[in-house]
Amino acid sequence: MIDRIPLILDVDTGIDDALALALAVHTPAAELIAVTTLAGNVGVERTTANTLAVLDWLGATDVPVHRGASRPLARAPRDAAYFHDVDGLGGAKLPSSRRGVGADRGPAAIVRLASARPGELTLVCVGPLTNLAIALNVEPALPTLLRELVVMGGAFNVPGNVTPHAEFNIFADPDAAAQVLSTAFTRLTVVGLDVTQETALPRSVWEAAGSMGTAHPTARLVAEVCRQAFVERGLASVYLHDPLAVAAALAPSLLLVEETAVEVLREGTEEGATRASGAGSVRVAHGVDAERFLQLFTETLSLSGSTKGSL
Ligand code: RIB
Ligand code: CA
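The notes below deal with the structure included here. (Residues numbered from 1 in each chain as written. Chains lettered and ligands numbered in written order. Predicted model: local features only at pLDDT ≥ 70, side-chain atom pairs only at ≥ 80, totals over all residues. Heavy atoms only, no water.)

Assigned secondary structure in the protein consists of 13 helices and 12 strands. Computed over its C-alpha atoms, the radius of gyration of the protein comes to 18 Å, within 12% of the 19 Å expected for a compact globule of 311 residues. Overall size of the protein, expressed as C-alpha extent along the three principal axes, is 50 × 40 × 40 Å. Counting only contacts in the protein whose residues sit at least 6 apart along the sequence, the fraction spanning at least 24 positions is 80%. The protein carries 23 positive and 34 negative side-chain charges, and their two centres are separated by 5 Å. (Helix = DSSP H or I, 4+ residues; strand = E, 2+ residues; numbered from the N terminus. Rg over C-alpha atoms; globule rule 2.2 N^0.38 Å. Contact = heavy atoms within 4.5 Å. Lys, Arg positive; Asp, Glu negative; His and termini not counted. Charge placed at Lys NZ, Arg CZ, Asp CG, Glu CD.)

On to the sheet that holds strand 4 (residues 122–125), then. Overall, mixed pairing links the 8 strands, which are arranged 3-2-1-4-5-6-12-9 in an open sheet. The open sheet has two edge strands with one neighbour each: strand 3 (65–66) and strand 9 (255–260). The pairing of strand 6 (residues 188–191) with strand 12 (residues 282–288) spans 2 bridges and is classified as parallel. Within strand 12, the residue paired with Val-190 across the bridge is Val-284. Its contacts with the sheet put helix 4 (residues 106–116) on strand 1 (5–11), strand 2 (30–37), strand 3 and strand 4, and the angle it makes with strand 2 is roughly 150°. (Pairing = 2+ DSSP bridges. Axes fitted to C-alpha atoms, helices over the stretch in contact; angles between N-to-C directions.)

In this section: the packing of aromatic side chains. Two measures describe an aromatic ring pair: the distance that separates the ring centres and the angle between the ring planes. Evaluated as defined, the whole model comprises 2 aromatic pairs. Note on Trp-206 and Phe-230: the rings are 5.0 Å apart at their centroids and 20° apart in plane angle, and the pair reads as stacked. On the criterion of sequence distance, the pair formed by Trp-206 in helix 10 (residues 203–210) and Phe-230 in helix 11 (residues 217–232) is long-range, its members being 24 residues apart. A single burial state applies to Trp-206 and to Phe-230, both of which are buried. With 6.1 Å between their ring centres and 40° between their planes, Phe-293 and Phe-297 make a pair best called tilted. In this pair, Phe-293 and Phe-297 are both assigned in helix 13 (residues 290–300), 4 residues apart and thus about one turn of the helix distant. As far as the burial class goes, Phe-293 and Phe-297 line up, both buried. It is Arg-78 that lies over the ring of Phe-171; its NZ or CZ is 4.1 Å from the centre. (Phe/Tyr/Trp six-rings, centres within 6.5 Å; stacked < 30°, edge-to-face > 60°. Buried < 20%, exposed > 50% of the residue type's maximum accessible area, 1.4 Å probe, protein only. Lys NZ or Arg CZ within 6 Å of the ring centre and 35° of its normal.)

A few words on the environment of Ala-176. Here Ala-176 is to be found in helix 8 (residues 174–181). On the accessibility criterion, Ala-176 (0% relative accessible area) is buried. For the pair Ala-176 and Trp-57, spaced 119 residues apart in sequence, the C-alpha separation works out to 31 Å. Not counting the four nearest positions on each side in its chain, Ala-176 is found in contact with Leu-73, Leu-129, Thr-130 and Ala-133.

So, on to the coordination of the calcium ion (ligand 2). Ligation of the calcium ion (ligand 2) by protein atoms is provided by Asp-12 (OD), Asp-17 (OD), Asp-17 (OD), Val-126 (O) and Asp-242 (OD), these donors lying 2.2 to 2.7 Å from the ion. Here the donor residues of the calcium ion (ligand 2) share one chain and are spaced in sequence as D-x4-D-x108-V-x115-D. On the basis of relative accessibility, which here comes to 0%, the residue Asp-17 falls in the buried class. (Donors = N, O, S within 2.8 Å, 3.2 Å for Na, K, Ca; no water.)

Next up on the list: the site of ligand 1. Around ligand 1 lies a shell of 13 residues, among which Asp-16, Val-126, Asn-161, Glu-167 and Asp-242 are the nearest. Between ligand 1 and the protein, one listed contact pairs an oxygen atom with a side-chain N or O atom of Glu-167 at 2.5 Å. In the complex, 97% of the free accessible area of ligand 1, which totals 270 Å², lies under the protein chains. When each cavity is represented as a set of grid points, ligand 1 is found to reside in the largest pocket. Those elements that place two or more of their residues in the shell around ligand 1 are helix 1 (15–26), helix 7 (168–172) and helix 12 (241–250). Looking at the shell around ligand 1 residue by residue, the class counts come to 3 nonpolar, 5 polar and 5 charged. (Near = heavy atom within 4 Å. Polar contact = N/O pair within 3.5 Å; in protein donor to acceptor, adjacent residues only side chain to side chain. Areas by Shrake-Rupley, 256 points an atom, 1.4 Å probe, with all protein chains shown as cover. 1 Å grid on protein atoms, 1.4 Å probe; cavity = no way out; pocket = protein on both sides within 12 Å on 5 of 7 lines; lining within 4 Å. Sits in = over half its atoms within 2 Å of the grid points. Nonpolar A, V, L, I, M, F, W, Y, C, P; charged D, E, K, R; others polar.)

Along the polypeptide, Asp-17 turns up in helix 1. Salt bridges are absent for the buried Asp-17, whose nearest opposite-charge side chain, Arg-46, sits at 12 Å. Ignoring anything within four residues of it in the chain, the contact list for Asp-17 reads Val-11, Asp-12, Asn-41, Val-126 and Asp-242. (Salt bridge = Lys/Arg side-chain N within 4 Å of Asp/Glu carboxyl O.)

Put into structure tokens, the structure is as follows:
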């Protein structure tokens, strides 16, 4: 029996967050313990409802969802509805979940679960880092209670995607990002645009997913959440930012990393920028085996009609 990797996902569901949830649910090596939500791409009520709907659609009705931060630590909310649509799922219409959220809020759930299984859990953050910053505030031991932290965020040697300098998850809450990325976690891997923009779902795979019919709910999820991007925006591909962060937790050999300290700029025109700033232990990804990742992604989600791959 393989040792499964227990994961908590912290999400702002969103189109690529939904794909990341699908990857975590369908990867045999992953044990999705819980999902925490927060405001990011859209408001927290929407990201929470989307997360519940996606997990239920995938049959993962046993995975608890804990609602988290409704706004950044200290700044006005900034969303990404311009890309994810106001509903946060690119216009996809999924049945609303009939189940509720867990009793404790996102940050409290992260602290409770990590404290109950010290040294075992991997936390993958694919939205702003507000929940984690709050959790760190209430439990300073969290960095050593977690086995690993993987963050989708930042842009180190490429332009940002919100401003020329800043990537969205960092820009949405730079104060939280500065706290998290300057904390000494047991193992912290940062998966930024430098590598996530090397990984994208091609139109051909999207078209194949759309032709697989109702017997393949995961393929339908991919087809529906990406439809607006491919049809109305005419994109050639959709970046797989958040799924790559999940894959980095499950198959770290996909990435090439350099260890460094990371600085987050919090003021001025470069607000939200991330920089390598000298000696440190943050594992910043600068290379990715994009072909192997896309193959694992499509096979794990059974999008290519081929046999199941596994991370
Ligand atoms: O910059 C990409 C990140 O911002 C992804 O997590 C996407 O979901 C958005 O939140
Ligand atoms: Ca996200």
